[in-house]
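# A structural walkthrough
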Amino acid sequence: MLASTEFDALFPPDLPEPGHWEERYPPRQLPAGAEVTRLGPSPTGFMHIGTIYIAMIDRDIAHRSGGRYLLRIEDTDQSRQVEGALDQFARAFGYFDLAPDEQEGDGDYGPYHQSQRSAIYMSYARQLLRENKAYLCFATSEELADIRKRQQAAKLPPGYYGEWAIWRDAPDDEVRRKLAEGTPCVVRFRSPGVPGRRVEFGEAIRGQLSAEDNFNDVVILKSAGPADRLPTYHFAHAVDDHLMRVSLVIRGEEWLPSVPMHLQLFAALGFEPPAYAHTSLLMKQIPGGKRKLSKRKDPEASVDFYIQAGYPARAVLYYLRGLASGSLAELPLDEALAAPIRLADLGGAGPLIDQVKLEDISADHIATLRNAQILAAMRHWAASYDPELASVLEAEQDLALAALAVERDGVENPRKDLRKWSDFRSAYGFFFPGLFTPVRAGDERLGSLPADLVRAFAADFVAGYQDTADPQEWFGQIRDLAAKHGFAASAKQYKQAPDEYPGSIREASQLIRVALTGSTRSPDLASVARVLDRDEVVRRVSALTQ
RNA sequence: GGCCCCGUCGUCUAGUGGCCCAGGACGCCGCCCUCUCAAGGCGGUAGCGCCGGUUCAAAUCCGGUCGGGGCUACCA
């Protein structure tokens, strides 16, 4: 093994000792039982909905226990960095109201970007080197690929261990020569594990687990520039979660297999390991089965998908909460959002994201909102995602409120035709003259009714139109005209002798419906007509006569 | 391949040895309401992966098996 001074020469001369960081980041003064949780997203693209899922759990557990929930940006892979990712993170936290208690610029345990913590990682790596708990490895990617190939051929576990760990016990002179040549190297952890040995550890969701101990000499410091070397996830996890005094690490299940290795790292560094909870992965249904929601392939994996479509944040949170804990899904939304999430209630199996269920929940939620609340949310959403609609809503707020009141105010079961804000245009857009194009006779939406009949009916309707507030009376106008123009009085009657009528009262109503709403499906016509007001009704039905 | 996690209706789940020939929600189907939708009401469809074992009794405990998912990078 090289002398300490030789290792020291690999790092900046003024690099502090670990003790410095221990003092700089003292244990937190928190009540007993308080949990400190952390969210560690990587800015390698849009935020995954699973990240919001975990953030919700992180915050819930931290706050309920009197602890803190912090955000650490895990940007140790500069090559995968994506422009604008941080902005999107902020947008996502804002939308779901999951802002962390502590993050860059707001907290005593920063920096909260791993790329800015290089000196810290190097201090601890140097310490491990001096203690012979880590070593320098000069293996090239070609050599590593070759090792892997041979291991595969020999049906051996892949990895850097035993005889394959060519630099683990390399002669000092060999190491010195490579160093002198300036050959790039990484720092590897000298794993104390041996193949076949088992370890046990507790896990907050799954209980007591056991696994084969890690015997892989994982990379802890990557080889990039000598000035500020960056750590791998594993090393950063141990160092940061210790120094940030995190007590509970909640992360995705994909990390479960590396727990034995992480435990070795904590032990080698002399750190108390945190408690672990590994949430099951959110899955997507695919033809052959299911797989984890993929950032690359699945638009619904992105938080932006939910924000753009305009699913209310509370509905999404409620849905995710139900996934986390089945009993919470049985509770009404407000109660469920207020109830605690217990780690032990989380399932071990990965749930399929069910868009239809989310829409049902969302529609139910929107149905409970007051018209003014919906309008406010709509305007906020439209400002970003539908500017034309935004300006219409801005100009016609009273009309919007009146439209939203249709079959929602003063009824026992309110309309549920809004599942997300982007539904508004198709469900309510027709109320606004600026968004409505009058329908003319011959339009295919009118079905098979002869154009002449449509014109005559519309002309009669306009001529005698009474803007009455009584729905029965209002529909009476259509009934009378339907009879006059030879429509059957009921669908049943029409069905019995379809050749004798152009249609029934149903088709007659449909004619007016299409004229007023541009659609064959709409809310109660009499109510719609009241909101549109007399002139607009006449204008729209008159269009049919042209 | 090796290691790890998981396995109740199509989906999310309740269920911690008798209360379960398995309950709820979403979906789907039917009926009712009805000027069309969205709803709402009523009814229905559908599941303990399989095989052994323990037990008076198993969805529940044990073993095996099969299946699904994850990990196996100087990505996180």
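Coordinates for the structure precede this section.
Now for a quick tour of the structure. (Residues numbered from 1 in each chain as written. Chains lettered and ligands numbered in written order. Predicted model: local features only at pLDDT ≥ 70, side-chain atom pairs only at ≥ 80, totals over all residues. Heavy atoms only, no water.)

### Examining the overall build of chain A
Counting its regular elements, chain A contains 24 helices and 11 strands. In summary, chain A has a C-alpha radius of gyration of 33 Å against a globular reference of 24 Å for 546 residues, an excess of more than 25%. Overall, chain A is about 105 × 55 × 40 Å in size when its C-alpha atoms are taken along their principal axes. Within chain A, the fraction of its 546 residues that count as buried is 50%. With the model as given, the accessible surface of chain A reaches about 25,400 Å², and the carbon-plus-sulfur share is 51%. Counting 63 positive and 77 negative side-chain charges, chain A places the centres of these two groups 3 Å from one another. (Helix = DSSP H or I, 4+ residues; strand = E, 2+ residues; numbered from the N terminus. Rg over C-alpha atoms; globule rule 2.2 N^0.38 Å. Buried < 20%, exposed > 50% of the residue type's maximum accessible area, 1.4 Å probe, protein only. Areas by Shrake-Rupley, 256 points an atom, 1.4 Å probe, with all protein chains shown as cover. Lys, Arg positive; Asp, Glu negative; His and termini not counted. Charge placed at Lys NZ, Arg CZ, Asp CG, Glu CD.)

### Here we look at the protein's contact with RNA strand B
In the vicinity of RNA strand B there are 57 residues, among which Arg-415, Lys-416, Phe-475, Arg-513 and Asp-524 approach most closely. For RNA strand B, the backbone portion of the atoms within 4 Å of the protein, that is sugar and phosphate, comes to 68%. Residue Arg-206 places a side-chain N or O atom 2.8 Å away from a sugar or linking oxygen belonging to RNA strand B. Contact distances for RNA strand B include 3.4 Å between a sugar or linking oxygen and a side-chain N or O atom of Glu-330. (Near = heavy atom within 4 Å. Polar contact = N/O pair within 3.5 Å; in protein donor to acceptor, adjacent residues only side chain to side chain.)

### Concerning the sheet that holds strand E4 (residues 186-189)
Spatially, E3-E4-E7 is the arrangement adopted by the 3 strands of the open sheet, whose pairing is antiparallel. Whereas interior strands pair on both sides, the edge strands pair on one side only; in this sheet they are strand E3 (134-137) and strand E7 (219-221). Ignoring which end each strand starts from, the neighbouring axes of this sheet average 45° apart. (Pairing = 2+ DSSP bridges. Axes fitted to C-alpha atoms, helices over the stretch in contact; angles between N-to-C directions.)

### Some details on the pattern of salt bridges
Scanning all chains against the criterion turns up 47 salt bridges. Of the charged contacts, one joins Arg-245 and Glu-22 as a salt bridge, the two residues approaching to 3.0 Å between their closest N and O atoms. In this pair, Arg-245 is assigned in the loop between helix H8 (233-243) and strand E8 (248-252) and Glu-22 in helix H2 (residues 18-24), connecting sequence segments 223 residues apart. A salt bridge links Arg-206 to Glu-203, with the shortest nitrogen-to-oxygen separation between them at 3.7 Å. With a relative accessible area of 5%, Glu-203 lands in the buried category. (Salt bridge = Lys/Arg side-chain N within 4 Å of Asp/Glu carboxyl O.)

### Description of the pairing of strand E9 (residues 275-279)
A large share of E9 lies buried, amounting to 4 of its 5 residues. Bridging between E8 and E9 involves 5 bridges; their strand directions are parallel. Bridge pairing links Ile-250 to Ala-277 in E9. Crossover connection from E8 via helix H9 (residues 259-269) to parallel E9: handedness right-handed. (Right-handed = clockwise from strand over helix to strand, strands pointing away.)

### Observations concerning the packing of aromatic side chains
Any two aromatic rings considered together are summarised by their centre-to-centre distance and by the angle between their planes. Applying the stated criterion to the full structure yields 20 aromatic pairs. A centroid spacing of 6.4 Å and a plane angle of 80° characterise the contact between Tyr-465 and Trp-474, whose relative ring orientation is edge-to-face. Each member of the pair, Tyr-465 as well as Trp-474, carries the same accessibility label: buried. On the basis of an interplanar angle of 80° and a centroid distance of 5.3 Å, the ring pair of Trp-474 and Phe-475 is categorised as edge-to-face. Phe-475 shares its class with Trp-474; the two are buried. Counting every residue linked through ring pairs, the aromatic cluster contains Phe-424, Tyr-428, Phe-430, Phe-431 and Phe-432. Positioned over the ring face of Tyr-109 is Arg-28, at 4.0 Å from the centre of the ring. The lysine or arginine in question, Arg-117, covers the ring of Tyr-25, its NZ or CZ lying 5.7 Å from the ring centre. (Phe/Tyr/Trp six-rings, centres within 6.5 Å; stacked < 30°, edge-to-face > 60°. Lys NZ or Arg CZ within 6 Å of the ring centre and 35° of its normal.)

### Digging into the packing of helix H19 (residues 451-464) against helix H22 (residues 505-517)
Packing of H19 against H22 leaves a shortest axis separation of 11 Å and a crossing angle of 75°. Classified by the interaxial angle, the pair formed by H19 and H22 is roughly perpendicular. Where H19 abuts H22, its residues Val-454, Phe-457 and Phe-461 lie against Ala-508, Leu-511 and Ile-512. Considered class by class, the residues forming the contact of H19 with H22 number 6 nonpolar, no polar and no charged. (Parallel < 35°, antiparallel > 145°, perpendicular 65-115°, else oblique. Contact = heavy atoms within 4.5 Å. Nonpolar A, V, L, I, M, F, W, Y, C, P; charged D, E, K, R; others polar.)

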